[in-house]
Amino acid sequence: MSKTWCERINPVVRGIPPSGIRRFFDMVAETKGVISLGVGEPDFVTPWHIREACIYSLEKGYTMYTSNSGLLELRCAIARDLADTYGLTYDPRREILVTVGVSQALDLALRALVCPGDEVLIPEPSYVSYAPTVILAGGKVVSLPTGREQGFCLRAHQVEAAITPRTKLLLLCYPNNPTGAVMDRKTLLEIAEVVVAHDLIVISDEIYDRLTYVGQHTCVASLPGMKERTVLLNGFSKSYAMTGWRVGYACGNADFIAAMTKIHQYTMLCAPITAQMAALEALKNGRPAMERMVREYNRRRHVVLHAFRDMGLPCFEPKGAFYAFPEIRVTGLTSEEFAEALLQEEKVAVVPGNAFGPSGEGFVRCSYAASLEDLGEALRRMAQLVRRLGVRPRVISTPPKSLPAREASVSAAGGSSS
């Protein structure tokens, strides 16, 4: 051949770096005895009644395609859930699309919306796939840095300052991956005013909405004037421990959902019917199991937060999702150096903060979707490394045996924020 395969690859694809998470976990795969706090995946098995619904569907012969849009019964259940939780009304026939996870929903939304050169505003640190997916759609990423001093929450003035004639949309993810930050209603209302004033679109990835521990989750589409300009993304992976089932959904304007569906039908056709049947059972009867899991995440959240602070690592209080984002600058190492030292010397895996953009440098992401036993051992090993690096622990405190009153009732059941 006159050209190598590498030379023939689309230069846009060639220019995108591999996932910072996956690159690091290639190293993890080569190390034995590792306790992983890196993967953003519940350590719980999908509740039995949800698995049983899948098995039953197979026994009944549900092995065929569904509508491109997904099972109508599932779309109706999604619509009821959003109406009950946030007071939102979506037509299940025209305004809801079932996708193969939220990642596919995001890809479809960006490909249906972004034209070459359009600018997409993304708060940072951000989930690793956001920027590459925008680039693959032909857009230009405009990062909006956030930090620990502002609770890793975007501010309206940042959005206002970043807008140009090419700005088309704002991509939000709260509760946030990787920081665990939660946006309050007041701040979101201020951002919504800017969005409306400049006629922008919002894609809101709310996959962690039910994993909110402090206050109530505010659904962006529920804010005044925002439903008609918001593409709402959600799914079942995190709150129902269904990561491998790959079922998500998108809700929005009927014409736009039709455009997403057009791409979907030529690429993916439909989400697997057995996974859709399981998702339907999750919505019908999965709330008690979900609430139990969320209460357990909240217990672990307190343990992890106290442990980082006690070992001398400043740590913003995560109020949602299942990640902590401790600052490791006091060790004198970069994020990658710290993560590699922790892996090689103590056999604990975390994700370097710079995998989530330059704003994540000086931090590491630690998932507390792990058993308390594994968390305890991993935190003990991490404290050993931190001490060897010369960080003096503070006076050790004892994590509370019971949760503070303001957090005793987690918002796993949702609740309208309007």
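Residues numbered from 1 in each chain as written. Predicted model: local features only at pLDDT ≥ 70, side-chain atom pairs only at ≥ 80, totals over all residues. Heavy atoms only, no water.

In the annotation of an unreviewed UniProt entry, the protein chain is listed under the name Aminotransferase and assigned to Desulfofundulus kuznetsovii. The UniProt entry for the protein chain carries the following comment under Sequence similarities (unreviewed entry): "Belongs to the class-I pyridoxal-phosphate-dependent aminotransferase family." According to UniProt, the comment filed for the protein chain under the heading Cofactor (unreviewed entry) is "pyridoxal 5'-phosphate". (UniProt positions renumbered as here; feature names shortened; annotations may be inferred.)

1. Details of the pattern of salt bridges
Tallied over the full model, the rule gives 19 salt bridges. Of the charged contacts, one joins Glu190 and Lys186 as a salt bridge, the two residues approaching to 2.7 Å between their closest N and O atoms. Of the two residues, Glu190 and Lys186 both sit in helix α9 (residues 185–197), four residues apart, roughly one turn of that helix. Taken together, the salt bridges that share partners define one network made up of Asp43, Glu296, Arg299 and Arg300. (Salt bridge = Lys/Arg side-chain N within 4 Å of Asp/Glu carboxyl O. Helix = DSSP H or I, 4+ residues; strand = E, 2+ residues; numbered from the N terminus.)

2. So, the UniProt feature "domain: Aminotransferase class I/classII large" (unreviewed entry) in the protein chain
The feature "domain: Aminotransferase class I/classII large" (unreviewed entry), as given by UniProt, occupies residues 33–381 in the numbering adopted here. End-to-end, the C-alpha atoms of residues 33–381 are 13 Å apart, and along that stretch the chain is 40% helix and 14% strand.

3. Remarks on the pairing of strand β2 (residues 96–99)
Burial along β2 is two-sided: the residues Ile96 and Val98 and Leu97 and Thr99 are all buried. Where β2 and strand β8 (residues 248–251) come together, four bridges link them in antiparallel fashion. Directly across from Ile96, in β8, lies its bridge partner Cys251. (Buried < 20%, exposed > 50% of the residue type's maximum accessible area, 1.4 Å probe, protein only. Pairing = 2+ DSSP bridges.)

4. Considering helix α6 (residues 101–113)
An ideal rise of 1.5 Å per residue puts 18 Å on 13 residues; α6 measures up with 19 Å between its terminal C-alpha atoms. Residues of α6 that are buried include every one of Gly101, Val102, Gln104, Ala105, Leu106, Leu108, Ala109, Leu110 and Leu113, and no others. (Expected span 1.5 Å × (residues − 1).)

5. Some remarks on the sheet that holds β8
The mixed open sheet is built from seven strands, whose spatial order is β2-β8-β7-β6-β5-β3-β4. At either end of the open sheet lies a strand with only one pairing partner, and these are β2 and β4 (140–145). The sheet shows a mean angle of 20° between the axes of neighbouring strands, taken without regard to direction. (Axes fitted to C-alpha atoms, helices over the stretch in contact; angles between N-to-C directions.)

6. Comments concerning helix α11 (residues 273–285)
Because each turn of an α-helix spans 3.6 residues, side chains separated by three or four positions in sequence point in the same direction. Between the first and last C-alpha of α11 there are 18 Å, a value that for 13 residues agrees with the 18 Å anticipated at 1.5 Å per step. Burial of α11 is extensive: 10 of the 13 residues sit out of reach of the surface. Of all the residues in α11, the buried ones are Ile273, Thr274, Ala275, Gln276, Met277, Ala278, Ala279, Leu280, Glu281 and Ala282.

7. With respect to the pairing of β8
Alternating residues of β8 divide into Gly248 and Ala250 and Tyr249 and Cys251, and every residue in both groups is buried. Relative to β8, strand β7 (residues 230–235) runs antiparallel, the two being bridged by four bridges. Opposite Leu232, over in β8, you have Cys251 as the bridge partner.

8. So, the environment of Asn298
Mapped onto the secondary structure, Asn298 falls in helix α12 (residues 287–310). Taking C-alpha positions, Asn298 is 16 Å from Asp374, a pair spaced 76 residues apart along the chain.

9. Observations concerning the nonpolar core
By size, the foremost hydrophobic cluster in this structure holds 97 residues, and its most contacted members are Phe236, Phe308 and Met382. Considering every element that reaches this core, the biggest residue donor is α12, with eight residues. Met382 has contacts with Phe308, Met311, Leu313, Phe338, Leu342, Val350 and Cys366, leaving out every residue within four places of it along the chain. The next biggest cluster of nonpolar side chains, apart from the first, holds 37 residues, and it includes Leu188, Val195, Phe316 and Phe363. (Core = buried A, V, L, I, M, F, W, Y, C linked by side-chain atoms within 4.5 Å. Contact = heavy atoms within 4.5 Å.)

10. Points about the environment of Leu283
Structurally, Leu283 can be placed in helix α11. In the structure, Leu283 is positioned 202 residues away from Asp81 in sequence and 7.5 Å away in space, judged by C-alpha atoms. Each residue touching Leu283, except ones within four places of it in the same chain, is listed here: Leu74, Ala77, Ile78, Asp81, Phe236 and Tyr240.

11. Remarks on the side chain of Thr243
Considering the arrangement of structural elements, one finds Thr243 in the loop between β7 and β8. Classification of Thr243 by relative accessible area gives buried; the value is 15%. At 2.5 Å, the side chain of Thr243 and the side chain of Glu41 are in polar contact. If we ignore the near neighbours within four places in the chain, the residues touching Thr243 are Glu41, Pro42 and Ser237. (Polar contact = N/O pair within 3.5 Å; in protein donor to acceptor, adjacent residues only side chain to side chain.)

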